[in-house]
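A look at the structure
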Amino acid sequence: MTRIAIFGVGLIGGSLALSFKGKPGLQVVGHSNNPGSIEKYLKREVVDYATTSLEEAALDADFIFLCVPVGKLEEYLHRLAKLPLKPGCIITDVGSTKASVASCAAALQFSGAHFIGGHPMAGKEKSGVEAASSRLFENAFYVLTPDPSTPEAAYDRLAELLQHTRAHLVKVDPVLHDEIVGAISHLPHIIAVALVNQIARYNESNELYQILAAGGFRDITRIASSDPIIWRDILLNNKGVVLQLLKDWNKEIAGFIRLIEQEDGPGIEREFQRAGAFRNGLPERRKGVIHSFYEIYVDVPDHPGVIGQITTQLGSHRVNLSNIQIIESREDVPGVLRLSFREEADMDKALELLKKDYAVHV
Ligand SMILES: NC(=O)C1=CN([C@@H]2O[C@H](COP(=O)(O)OP(=O)(O)OC[C@H]3O[C@@H](n4cnc5c(N)ncnc54)[C@H](O)[C@@H]3O)[C@@H](O)[C@H]2O)C=CC1
Ligand SMILES: O=C(O)C(=O)Cc1ccc(O)cc1
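Within each chain, residues carry numbers counting from 1 in the order of the written sequence. Written order determines the labels here, with chains lettered from A and ligands numbered from 1. In keeping with the predicted nature of the model, local features appear solely for residues at pLDDT of at least 70, side-chain atom pairs appear and are counted solely at 80 or more, and the whole-chain, interface and lining totals rest on all residues.

Moving on, we come to the site of ligand 1. Nearness between a residue and a molecule or strand is assessed with a C-beta atom placed from the backbone; a distance within 6 Å qualifies. Surveying the vicinity of ligand 1 reveals 26 residues, the closest of which are Gly8, Gly10, Ile12, Gly123 and Ser127. Of all the secondary structure elements, the ones that give two or more residues to the shell around ligand 1 are α1 (11-20), β6 (114-120) and α10 (228-237). Starting at the N terminus, helices and strands are each numbered in turn, a helix being any DSSP run of H or I of at least four residues and a strand any DSSP run of E of at least two. With three residues, α1 is the single largest residue contributor to the shell around ligand 1. What counts as a domain boundary in this text is fixed by an automatic or database domain assignment. Two domains each provide a minimum of three residues to the shell around ligand 1, namely domain 1 (2-172) and domain 2 (177-280).

What follows is the structure, encoded as structure tokens:
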């Protein structure tokens, strides 16, 4: 049996556990220092066994996945370095930043064990084991940051195990990882939160802001609902990179202020053209750090049972719906339903099915 210990069975740890659990030859052990969490892991059947004892989880593990907030990673590495781990044991983590954990591990001696940093670059704004899914990493990139001293055989063993996630593995230098992921993930999370808070302040004096906020606002602010502790740790850990990115962001915004003050129409057009060209040139929609939703809007008559009919119709054709929202529904006025899907194929199928009976817009 290959024993896999997962420390912190939340969204990411739970999703990894679900990708491994039940696979021949694999046994998944969950660890948390909170007894209530252990009960939850077992009740939700994400692990084969769970324990509050770090030693019990770690001592005969072949793989140890650290899936706790970034601010806790170094503490766990120090605790593991004091244990007589199984020879050949591979310790890895899933933290959203890689430079500090890599240098901490490099400075520690693990008796016979190897540390290889990792970052599955897929997730969502929800946290906790309740949000875990065995398919979270399917088709996403999964960064590994082996040290030059990492034996190739150890890397290969981890890579082989991670095949169960169906993610695409990619080796990246940890410092470069933090620069790039800072720009494409950490900065957008800050911008989303700042934007929502700006609008929330206006809304305090007039609730129409919240009532009218729709479409584009929701699209670009989904990630503002992400977990505060997880994100506090990420931003503080990647402080140098994030501060530089925010300075650059201020320059972008200052540029827009100038264009609007000077009523520079062609300049504004150029900004949209440049952004559109880059965005349209992005690789085909696939799971990435900031993942997309596929949405359609359905005009529905306001009569009882219509939502049930639509969801039943989609369900009976095995279309996976990730969210449903009534945008407008008043007596005598047709309602609009927003249906969200995680997979493009589900959206296409829903379009085909629903357009026979309803007006559907993408
Ligand atoms: N949320 C996301 O979409 C992604 C997160 N990550 C990284 O994965 C790691 C885990 O994040 P999530 O699974 O989203 O969070 P989560 O909140 O769903 O899970 C965190 C787990 O760590 C445990 N934990 C929390 N505080 C702890 C503490 N002080 N000591 C020991 N255990 C503690 C929790 O009980 C929970 O089991 C973080 O390092 C995060 O940066 C990586 C990729 C995506
Ligand atoms: O919800 C989303 O789209 C995310 O961006 C989730 C996410 C959060 C943190 C990561 O390190 C990677 C992915």
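Next up on the list: the environment of Ser322. Topologically, Ser322 is positioned in the loop between α13 (306-316) and β10 (323-330). Here the C-beta atoms are placed from the backbone, and a residue counts as buried if at least 20 other C-beta atoms lie within 10 Å of its own, exposed if 12 or fewer do, and partly exposed otherwise. Since 14 C-beta atoms lie within 10 Å of it, Ser322 is described here as partly exposed.

Now for the nonpolar core. When a protein is soluble and globular, its nonpolar side chains tend to lie buried together. Core analysis: the largest hydrophobic core is formed by 60 residues, its most contacted members being Ile6, Phe7, Ile64, Phe65 and Cys67. Residue contributions to this core reach at least three from each of two domains, namely domain 1 (2-172) and domain 2 (177-280). For the purposes of this analysis, a nonpolar core is taken to be any set of buried Ala, Val, Leu, Ile, Met, Phe, Trp, Tyr and Cys residues that are connected through C-beta atoms within 7 Å.

Looking now at the domain arrangement of the protein chain. Taken domain by domain, the protein chain consists of domain 1 (2-172), domain 2 (177-280) and domain 3 (294-361). Using only C-alpha atoms to locate each centre, domain 1 and domain 2 end up separated by 32 Å. On the domain 2 side, the residues contacting the 14 residues of domain 1 number 14 residues. Sorting the residues of the side of domain 1 that touches domain 2 by element identifies α5 (99-107) and β7 (141-145) as the ones contributing at least two each. Grouping the constituent residues of the side of domain 1 that touches domain 2 by class yields five nonpolar, seven polar and two charged. For every residue pair, C-beta atoms are placed from the backbone, and the pair is scored as a contact if these atoms sit within 7 Å. Under the scheme applied, nonpolar residues are Ala, Val, Leu, Ile, Met, Phe, Trp, Tyr, Cys and Pro; charged residues are Asp, Glu, Lys and Arg; polar residues are all the others, including Gly.

A few words now on helix α6 (residues 152-162). Three or more residues of α6 are buried, namely Leu158, Leu161 and Leu162. Angularly, the buried residues of α6 cover 100° about the axis, an arc narrow enough to put them on a single face. What points out from α6, more than 90 degrees from its buried face, is the exposed set Glu152, Ala153, Asp156 and Glu160. Where α6 is buried, its residues meet β4 (63-66), β5 (90-93), β6, β7 and β8 (168-171). The directions considered for the arc run from the helix axis to the C-beta atoms.

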